[in-house]
Amino acid sequence: MKFFLGIYILSIVSVFLLSASCIASYSVQRTFLYCLSFNANNLSTPSSTYFYTPNTRSFSSILQSSAQNLRYLQPSVPKPEFIFTPLYESHVQAAVICSKRLGIHLRVRSGGHDYEGLSYASEIETPFIVVDLARLRSVNVDINQNTAWVQAGATVGELYYRIYEKSNIHGFPAGLCTSLGIGGHITGGAYGSMMRKYGIGADNVLDARIVDARGRVLDRAAMGEDLFWAIRGGGGASFGIILAWKVKLVPVPATVTVFTVSKTLEQGATNILYKWQQVADKLDEDLFIRVLIQGSAAAQKVNRTVTTSYNALFLGGADRLLQVMQKSFPELGLSRQDCIETSWIKSVIYIAGFPSNSTPEFLLQGKAMPKAYFKAKSDFVRTPIPTKALGGLWRRFLAEDGPLMIWNPYGGMMSKIPENAIPFPHRKGTLFKIQYVTLWLDGEKSQNKHMNWIRNLYNYMAPYVSRFPRAAYVNYRDLDLGMNNKCNASFNQARIWGVKYFKNNFYRLVRVKTKVDPGNFFRHEQSIPTSLH
């Protein structure tokens, strides 16, 4: 009898706690909406059109709409109390004011491509809310001034398309993945296929609009040069909410050339890749050749191999490209038949891997690659990796089901810009960057296996990549490098991963953070700390 009475009491307590949790959530939602009504303009439309709670039918679709890593959509991962999709800049201001006033932790999402899901999930702090900027996506291109204002919720592809609408001889040197949200993309640097000619996206920003921790909208003149420096490559969501960037357009020729040439191990891939390491950063700066490296599917029990695909953009015609290649990299064996002459906007579609019959309008759809569970890591290489070490890399590569590496060349303009020009420090002396990725589709069932594989691969590569620090790219967010504690971004703790992403620029970022957000309102697992913590 006592046993059943205990079960009954436990049931009552569980129901009470669940009800209390629901009541608390409802209270947070209603209080926030009430606060919004006093602090935001143009909120006359029904709240159901911009405010989504877990009880609303469209909550899951909005949450999943731009979230790219399925690891952070699993049931075990905490979900936001609600998602707010601002329609105007004043709504973003109000969201900051109300979150701060009510003590509600806030996350910001522009494109959902954060590798560790930090824009829509929280490992260290709940409850939290998501401010999704997807509806702030206007793009205004001024060809006469060679500039464009682009709101944070627009994708890279939308920016490219709006430039193309006005001119076929202008472009912008940002990401190869066209579904990236421009707001967060540039905060981490924004590299792309014209980086060797013009630098990265953050090198080509002229102005910005940001909501600071006090809820003020600031442009470059109002925020000052220290904060303007910090937001161009210092990582997202540490200093404020980016509303829009003013970017500098760059000239592109009417005709560019693209190609993809693949080599397997049996076709001499190892020696060709070793040669690529020696020349990739020294090639004509009009030429960008990245290497996509994939292993045969594990299900293929025999004749498994590694394939290296040389995927390139040349800012010019095929004839000059062939001359450059014959002089600098004849080992690849590029032929005229491999070369495709096209427009710059069509080269964007080609490099992104879309079907060859895709029109430029396809970029307006914001299509991402199919979603998967994945884990990624990054490295920077300063001396060529020996062929013997490549052999060990291939053996480890073929032990995994869905491995991918992307090697991106540096040099050119990247070597001419000082390390401290903006927070992104990976400049002179860098030959190329490595992105390691493992992808899977069966969720938590095989997650540990894949996570262990990529961590072991990363450990294997340690002797062959940059050291002191072992550098990493902040837009390839990696929580293995370290995390802040709940509500407390410790300087000593953050320095471990901070110098990997930013080298000595980390210390200036801390000074800026301490000045503009001393209360650490904008925080996440790898946000910049203040010197007071």
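Residues numbered from 1 in each chain as written. Predicted model: local features only at pLDDT ≥ 70, side-chain atom pairs only at ≥ 80, totals over all residues. Heavy atoms only, no water.

Here we look at the sheet that holds strand β6 (residues 147–151)
Overall, antiparallel pairing links the five strands, which are arranged β5-β6-β10-β8-β9 in an open sheet. One side of each edge strand has no neighbouring strand; the edge strands of this open sheet are β5 (139–142) and β9 (217–218). When β5 meets β6, the two strands line up antiparallel, connected through four bridges. Looking at β6, one finds that Asp142 is bridged to Thr147. Its contacts with the sheet put helix α4 (residues 156–166) on β5 and β6, and the angle it makes with β5 is roughly 35 degrees. (Pairing = 2+ DSSP bridges. Helix = DSSP H or I, 4+ residues; strand = E, 2+ residues; numbered from the N terminus. Contact = heavy atoms within 4.5 Å. Axes fitted to C-alpha atoms, helices over the stretch in contact; angles between N-to-C directions.)

Things to note about the state of the cysteines
Evaluation of the coordinates by the stated rule reveals one disulfide. The side chain of Cys35 participates in a disulfide bridge whose partner is Cys98; the two sulfur atoms lie 2.1 Å from each other. One disulfide, between Cys35 and Cys98, carries an S-S torsion of -90 degrees and so falls in the left-handed class. Placement of the pair is Cys35 in helix α1 (residues 2–39) and Cys98 in helix α3 (residues 89–102), with a sequence separation of 63 residues. Grouping residues by exposure puts Cys35 and Cys98 together as buried. (Disulfide = S-S within 2.5 Å. Buried < 20%, exposed > 50% of the residue type's maximum accessible area, 1.4 Å probe, protein only.)

Quick notes on the UniProt feature "domain: FAD-binding PCMH-type" (unreviewed entry) in the protein
The sites that UniProt annotates as "domain: FAD-binding PCMH-type" (unreviewed entry) are residues 76–252. In residues 76–252, the share of helix is 27% and the share of strand is 24%. The end C-alpha atoms are 47 Å apart. (UniProt positions renumbered as here; feature names shortened; annotations may be inferred.)

So, the sheet that holds strand β14 (residues 306–314)
The strand order across the open sheet formed by seven strands is β15-β12-β14-β13-β17-β18-β16, and the pairing between neighbours is antiparallel. Single-partner strands in this sheet number two, and they are β15 (340–342) and β16 (373–381). Across the sheet, the mean angle separating the axes of adjacent strands is 20 degrees when strand polarity is ignored. Sheet topology note: the strand β12 (residues 256–264)/β15 ladder contains three bridges and is antiparallel. Following the sheet pairing, Thr257 is matched in β15 by Glu341. Contacts between helix α14 (residues 447–460) and the sheet are confined to β16, β17 (403–409) and β18 (432–440), with β18 contributing the most and set at about 160 degrees to the helix.

Some details on the pattern of salt bridges
On inspection of all chains with the given rule, the structure shows 30 salt bridges. Between Arg109 and Asp132 there is a salt bridge; the shortest N-O distance is 2.7 Å. Taken together, the positions of Arg109 in strand β3 (residues 105–109) and Asp132 in strand β4 (residues 128–132) put the pair 23 residues apart, joining distant regions of the chain. Take Asp132: its relative accessible area is 3%, and that puts it in the buried class. As a salt-bridge pair, Arg470 and Asp379 come within 2.7 Å of each other at their nearest N and O atoms. Within this pair, whereas Arg470 is found in the loop between α14 and α15 (491–502), its partner Asp379 is found in strand β16, the two being separated by 91 residues in sequence. Assessed through its relative accessible area of 0%, Asp379 is described here as buried. Salt bridges linked by common partners bring Arg71, Glu116, Lys375, Lys377, Arg455, Asp478 and Asp480 together as one network. (Salt bridge = Lys/Arg side-chain N within 4 Å of Asp/Glu carboxyl O.)

Thoughts on helix α10 (residues 318–328)
Those residues of α10 not exposed but buried are Ala318, Leu321, Val324 and Met325. Projected down its long axis, α10 shows its buried positions confined to an angular sector of 120 degrees, all on one face. Relative to its buried face, α10 has exposed residues pointing more than 90 degrees away, namely Asp319, Gln323, Gln326 and Lys327. Looking at the packing, one finds that the buried side of α10 touches β12, β13 (287–295), β14 and β15. (Arc of directions from axis to C-beta.)

A few points about the packing of α4 against helix α11 (residues 344–351)
The geometry of α4 relative to α11 is characterised by a closest axis approach of 10 Å and an angle of 160 degrees between their N-to-C directions. By the criterion of interaxial angle, the relationship of α4 to α11 is roughly antiparallel. Once α4 is placed against α11, the crossing between them reads as left-handed. Seen from α4, the contacting residues are Tyr160, Tyr161 and Tyr164; seen from α11, they are Trp344, Ile345 and Val348. (Parallel < 35°, antiparallel > 145°, perpendicular 65-115°, else oblique. Left-handed = near helix turned anticlockwise from the far one by under 90°.)

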